[in-house]
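Fold and contact review
Spelled out, the chains give:
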Protein chains: 2
Amino acid sequence: MKKNVSLKDIAEKVGVSTALVSYVLNGKMEGRISKEVAAQIKAVAEELNYRPNQIAKSLKTNRTHTLGLLLADIANPFSSQIARIIENEANKLGYTVIIGSSDEQVEKSKSLIQLFLNRQVDGLILSLPENSEEIVSDLKEKGIPFVLLDRYFPEISTNSVTIDNYSAAEAAIKHLQENNIARIGIVTYETSLFHLEERLRGALESCNGNATVGKVRLGNIEEDVEAAITAFLNPENKVEAIFFLSNLLAISGLKYLNKLQVTIPDQLAVIAFDKTDAFDLFYTTITYVNQPMNAMGVEAVKLVQQAISGVPTETTVNLQTELVIQHSTTG
Amino acid sequence: MKKNVSLKDIAEKVGVSTALVSYVLNGKMEGRISKEVAAQIKAVAEELNYRPNQIAKSLKTNRTHTLGLLLADIANPFSSQIARIIENEANKLGYTVIIGSSDEQVEKSKSLIQLFLNRQVDGLILSLPENSEEIVSDLKEKGIPFVLLDRYFPEISTNSVTIDNYSAAEAAIKHLQENNIARIGIVTYETSLFHLEERLRGALESCNGNATVGKVRLGNIEEDVEAAITAFLNPENKVEAIFFLSNLLAISGLKYLNKLQVTIPDQLAVIAFDKTDAFDLFYTTITYVNQPMNAMGVEAVKLVQQAISGVPTETTVNLQTELVIQHSTTG
DNA sequence: ATAATCAGTTTAATCGTTTAAGCAACTGGT
DNA sequence: ACCAGTTGCTTAAACGATTAAACTGATTAT
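Not measured: the values here are computed from a predicted model.

What to know about the protein's contact with DNA strand D
Surrounding DNA strand D, one finds 29 residues, the nearest of these being Leu7(A), Ser22(A), Lys28(A), Asn53(A) and Arg32(B). Protein-proximal atoms of DNA strand D, defined as those within 4 Å of the protein, fall in sugar or phosphate at a share of 50%. One of the side-chain N or O atoms of Tyr50(A) is found 2.9 Å from a phosphate oxygen in DNA strand D. Between DNA strand D and the protein, one listed contact pairs a base nitrogen with a side-chain N or O atom of Lys60(B) at 3.4 Å.

Pasting the structure below:
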């Protein structure tokens, strides 16, 4: 692998010091440098196809222009979509993104964050698993710029970008009630993640007790979803609609409902929190809570960039969702 | 943001030189260092919670332990799945991965690769868009370690990990023929990407002219897929089965077939190249060509790591696919 | 004539590591 | 008593950039 062209190479070829080359190529000290030399330096840089070594630059400036992005799992559509948006947005601002998947494990999160920090990222965008409070307070204490995305911890005040989970769930239930659906089965994860608790709270408080909840363990999604649905379909439960509190739960659920040949919406209404491309292949369109993915990504990058540039805020950006009404609840 | 602990801090606290600290913490010069001092250094490092600055390390060693991964679009399931596998595999070997999405554009690919190189990545894993031959030969010439993934250019010999697209398509068609399906509609992209050409060639050569091809423009997937399917369904074409040469095409296609209320497999058989979670929500299971995603990721990382460590190979790893036969072709 | 100003450039320190080379104090063989 | 070899450590250069400070002539002001 050929050695890269360095400032020194240019300096030697032109016959000046590396300092001058640096000044010229960075456009500093404009006006204090003779036009001819500047032009020559630029020409030689071009000729040798000079690319600054970001590593060296970073060492000196203490800025890597890199962000660490921690997601639950880059292979799941919610994560990969948001990753894409953040990648774009970060690139626009001159940042590169390193991504890691926590698999909802605190230990993995810790070690990925440590890895990010060892690589001197300028800031972090984090979607943390449950029980990560310690991670958050650690980062706060160390003064590392970060922003929480999607998941947050109400007892710790931080920069964060979230959606209004409570209202979103509430709106979903209201919509069902307006369509004369009273008894609702709610499928959620067995978790202490605040955003999911809020969704559940929003749903339950709107249901006035007319709800059955099925909790799903992370390691056992398929089976537990099936168990929950089976319970819902037990005639004595009289469930008329299922509200899935995440898109993965909805996929599992719809798959099972397909298998059971329960027809949507005739025998059962369905509503999902967050959408996925997969819904497109279902025989009927699915009503869902639409998350403003783009805004989430954009705001997260904006906030972390603010934090990096030293603005000492603890800003919570709370975004509104939109209920997209389709045939699975109105058929 | 607090300053990080450096070798110097440890050295001062213990009262030795930074060199010694470095030797101890890297386990070099074992036996030439007194056990007591070594222990003390380690203790202080632990106490101060020392984390080596990877940037400084990289500058000196010329190794960043970072890989650049270029994908078509991290938001699409094929890309994000492979990204996940590569991330895991790379992490195991001590590499961090930076991901970029080319959006099938050569210019974007170039600038992302340049960005990767500016950040001194040790190697590249690339899924390039069409007409990227120049990029590949450039990299070859510069001696930069890289491996092509999924897409490759037959006229340029490089490290690459691919599947046997020809055989895969052939097997798919053979399967249809065994089920007495003769007239086949093939949906592919309008592209010169070799892997897609191979799929098409494999399919066509097995069809003995009994095929109609629909080509889809990248910017216009939805509409063009619909147009292709409309043509297939024209009675004079007598198409009995549709073979989608990529999962995104299949999603679009199935969605449209849903809309048209064409029943699969009764009125039409369907077979897809590569699968996606979305198939799970279709009312019938879809026969598809299964790509060995895991092996692809693993082999790609293995090859690039070999290239990085200086093994001067031009190895093509060609993996076999598996036809997963389900109801969409056998109903 | 002398000092001050200014343009144009260089010097040299620095970021946090790594690592070859050097050095001092022992040990042991002859 | 002397050289060689070992042990245990330090020195200092280097990686490739940035940047404050210094320097050199020339020009202008007093």
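The structure having been displayed, the exposition proceeds.
Details of the packing of aromatic side chains
For any pair of aromatic rings, the description rests on two quantities: the centre-to-centre distance and the angle between the ring planes. Residues and elements named next belong to chain B. Evaluated as defined, the whole model comprises six aromatic pairs over all chains. Between Tyr152 and Phe194, the ring centres sit 5.2 Å apart and the planes meet at 85°, which makes this aromatic pair edge-to-face. Of this pair, Tyr152 sits in the loop between strand E4 (146–149) and strand E5 (160–163) while Phe194 is found in helix H9 (residues 194–207), placing the two residues 42 residues apart along the sequence. In this structure Tyr152 comes out as buried when scored by relative accessible area, which is 16%. Just above the ring of Phe273 sits the side chain of Arg199; from NZ or CZ to the centre is 3.7 Å.

Describing the relation of the copies chain B and chain A
When chain B is fitted to chain A, the best match, at an RMSD of 0.1 Å, comes from turning it 180° and sliding it 0.0 Å along the axis. The transformation relating the two chain copies, once decomposed into turn and shift, fits a two-fold axis. Within chain B, the C-alpha atom positioned nearest to the axis of rotation is that of Ala278(B), 1.9 Å from it. Looking at chain B, 100% of its interface residues are interface residues in chain A too, so the copies touch through the same face.

Observations concerning the interface of chain B and chain A
The partner chain A presents 53 residues to the 53 residues of chain B that form the contact. Of the roughly 4500 Å² buried between chain B and chain A, counting both surfaces, carbon and sulfur atoms make up 56%. Among the residues of chain B in contact with chain A, Ile55(B), Arg119(B) and Leu281(B) are the three that bury the most area, contributing 17% of the side total. Linking chain B to chain A there are six salt bridges. Of the charged contacts in the structure, one is a salt bridge between Asp280(B) and Lys255(A), with a shortest N-O distance of 3.4 Å. Here chain B and chain A share 22 residue pairs in polar contact (both at pLDDT 80 or more) between them. Those elements giving two or more residues to the side of chain B that touches chain A turn out to be helix H4 (54–61), helix H5 (77–92), strand E2 (96–101), helix H6 (106–118), helix H7 (133–142) and helix H11 (247–260) of chain B. Residues belonging to the side of chain B that touches chain A are distributed by class as follows: 21 nonpolar, 20 polar and 12 charged.

Remarks on the pattern of salt bridges
Per the stated rule, a full pass over the model turns up 33 salt bridges over all chains. A salt bridge links Asp103(A) to Lys108(A), with the nearest nitrogen and oxygen atoms 3.0 Å apart. Since its relative accessible area comes to 29%, Asp103(A) is described here as partly exposed. Measuring nitrogen to oxygen at the nearest pair gives 3.6 Å for the salt bridge that ties Glu134(A) to Lys110(A). With Glu134(A) in helix H7 (residues 133–142) and Lys110(A) in helix H6 (residues 106–118), this pair connects stretches of sequence that are 24 residues apart. A cluster of three or more residues bridged by salt bridges with shared partners is formed by Asp73(A), Asp103(A), Lys108(A) and Arg84(B).

A look at the sheet that holds strand E10 (residues 287–290) of chain B
All names here are of chain B. The strand order across the open sheet formed by six strands is E7-E6-E8-E9-E10-E12, and the pairing between neighbours is mixed. Edge positions in the sheet fall to strand E7 (211–216) and strand E12 (322–324), since each has one partner strand and no second. Ignoring strand direction, the axes of neighbouring strands in this sheet form an average angle of 20°. Pairing of strand E6 (residues 184–189) with strand E8 (residues 241–244), which is carried by four bridges, proceeds in the parallel orientation.

A look at the protein's contact with DNA strand C
The full set close to DNA strand C counts 29 residues, and Arg32(A), Lys60(A), Leu7(B), Ser22(B) and Lys28(B) are the nearest of them. Counting only the atoms of DNA strand C within 4 Å of the protein, the fraction contributed by sugar and phosphate is 51%. Gly31(A) places a main-chain nitrogen or oxygen 3.1 Å from a phosphate oxygen of DNA strand C. Contacts to DNA strand C include Lys60(B), whose side-chain N or O atom sits 3.1 Å from a base oxygen. When residues of the surface near DNA strand C are traced back to their parent elements, those giving at least two are helix H2 (18–25) and helix H4 (54–61) of chain A together with helix H2 (18–25) and H4 of chain B. The greatest single-element share of the surface near DNA strand C, amounting to four residues, is contributed by H4(B). Tallied by class, the residues present in the surface near DNA strand C amount to 14 nonpolar, eight polar and seven charged.

Topic: the domain arrangement of chain A
Domain parsing of chain A yields domain 1 (7–52), domain 2 (65–163 + 293–321) and domain 3 (165–291 + 324–329). When each unit is reduced to the centre of its C-alpha atoms, the spacing between domain 1 of chain A and domain 3 of chain A is 63 Å.

Some points on the pairing of E5(B)
Residue and element names in this part refer to chain B. By the alternation rule, side chains of E5 split into Ser160 and Thr162 and Val161 and Ile163, which are all buried. Across four bridges, the pairing between E5 and strand E11 (residues 316–319) is parallel. Note on E11: the bridge partner recorded for Ile163 is Leu319.

Topic: the sheet that holds strand E10 (residues 287–290) of chain A
Two pairing modes exist for strands in a sheet, parallel and antiparallel, and in both the strands are linked by backbone hydrogen bonds. Residues and elements named next belong to chain A. As summarised here, the arrangement of the six strands in space is E7-E6-E8-E9-E10-E12, forming an open sheet in which the pairing is mixed. Two strands bound the open sheet, and with one partner strand each, they are strand E7 (211–216) and strand E12 (322–324). Ignoring which end each strand starts from, the neighbouring axes of this sheet average 20° apart. Taken together, the six bridges between strand E6 (residues 184–189) and E7 define a ladder with parallel strand orientation. By the bridge assignment, Tyr189 is partnered in E7 with Val216. Together, E6, E7 and strand E8 (241–244) form the strand contacts of helix H10 (residues 221–233), whose direction differs from that of E7 by roughly 165°.

Describing helix H8 (residues 165–178) of chain A
With 14 residues, H8(A) should cover 20 Å at 1.5 Å per step; its first-to-last C-alpha distance of 20 Å lies within 8% of that length. Among the residues trailing H8(A), Asn180(A) stands out with phi positive, at a value near 60°.

Points about the packing of H2(A) against helix H3 (residues 35–47) of chain A
Two quantities define a packed helix pair, namely the angle between the axes and the distance from one axis to the other. Residue and element names in this part refer to chain A. Contact geometry of H2 with H3 gives a least axis separation of 10 Å together with a crossing angle of 85°. Comparing the axis directions of H2 and H3 gives the class roughly perpendicular. Judged by residue contacts, Leu20, Val21, Val24 and Leu25 of H2 engage Val37, Ala38, Ile41, Lys42 and Ala45 from H3. Here the residues of the contact of H2 with H3 sort into eight nonpolar, no polar and one charged.

Quick look at the pairing of E8(A)
Residues and elements named next belong to chain A. Because side chains alternate across E8, one face comprises the buried residues Ala241 and Phe243, and the other comprises Ile242 and Phe244, equally buried. Sheet topology note: the E8/strand E9 (residues 269–273) ladder contains four bridges and is parallel. For Phe243, the partnering residue across the bridge sits in E9 and is Ile271.

Things to note about H11(B)
All names here are of chain B. Its 14 residues place the ends of H11 20 Å apart at the C-alpha level, agreeing with the 20 Å of an ideal helix rising 1.5 Å per residue. Buried within H11 are the following residues: Asn247, Leu249, Ala250, Ile251, Ser252, Gly253, Leu254, Tyr256, Leu257 and Asn258. Looking at the buried residues of H11, the elements they touch are H5, E6, E7, helix H10 (221–233), E8 and strand E9 (269–273). Put simply, Ser246 is the residue that caps the front of H11, since its side-chain oxygen is 3.4 Å from the backbone nitrogen of Leu248. Count one or two residues on from H11 and you reach Gln261, which has phi positive near 60°.

What counts, and at which threshold
- Residues numbered from 1 in each chain as written.
- Chains lettered and ligands numbered in written order.
- Predicted model: local features only at pLDDT ≥ 70, side-chain atom pairs only at ≥ 80, totals over all residues.
- Heavy atoms only, no water.
- Near = heavy atom within 4 Å.
- Polar contact = N/O pair within 3.5 Å; in protein donor to acceptor, adjacent residues only side chain to side chain.
- Phe/Tyr/Trp six-rings, centres within 6.5 Å; stacked < 30°, edge-to-face > 60°.
- Helix = DSSP H or I, 4+ residues; strand = E, 2+ residues; numbered from the N terminus.
- Buried < 20%, exposed > 50% of the residue type's maximum accessible area, 1.4 Å probe, protein only.
- Lys NZ or Arg CZ within 6 Å of the ring centre and 35° of its normal.
- Least-squares fit on C-alpha atoms with pLDDT ≥ 70 in both.
- Contact = heavy atoms within 4.5 Å.
- Buried area = accessible area lost by both parts, 1.4 Å probe.
- Salt bridge = Lys/Arg side-chain N within 4 Å of Asp/Glu carboxyl O.
- Nonpolar A, V, L, I, M, F, W, Y, C, P; charged D, E, K, R; others polar.
- Pairing = 2+ DSSP bridges.
- Axes fitted to C-alpha atoms, helices over the stretch in contact; angles between N-to-C directions.
- Domains from an automatic or database assignment.
- Expected span 1.5 Å × (residues − 1).
- Parallel < 35°, antiparallel > 145°, perpendicular 65-115°, else oblique.

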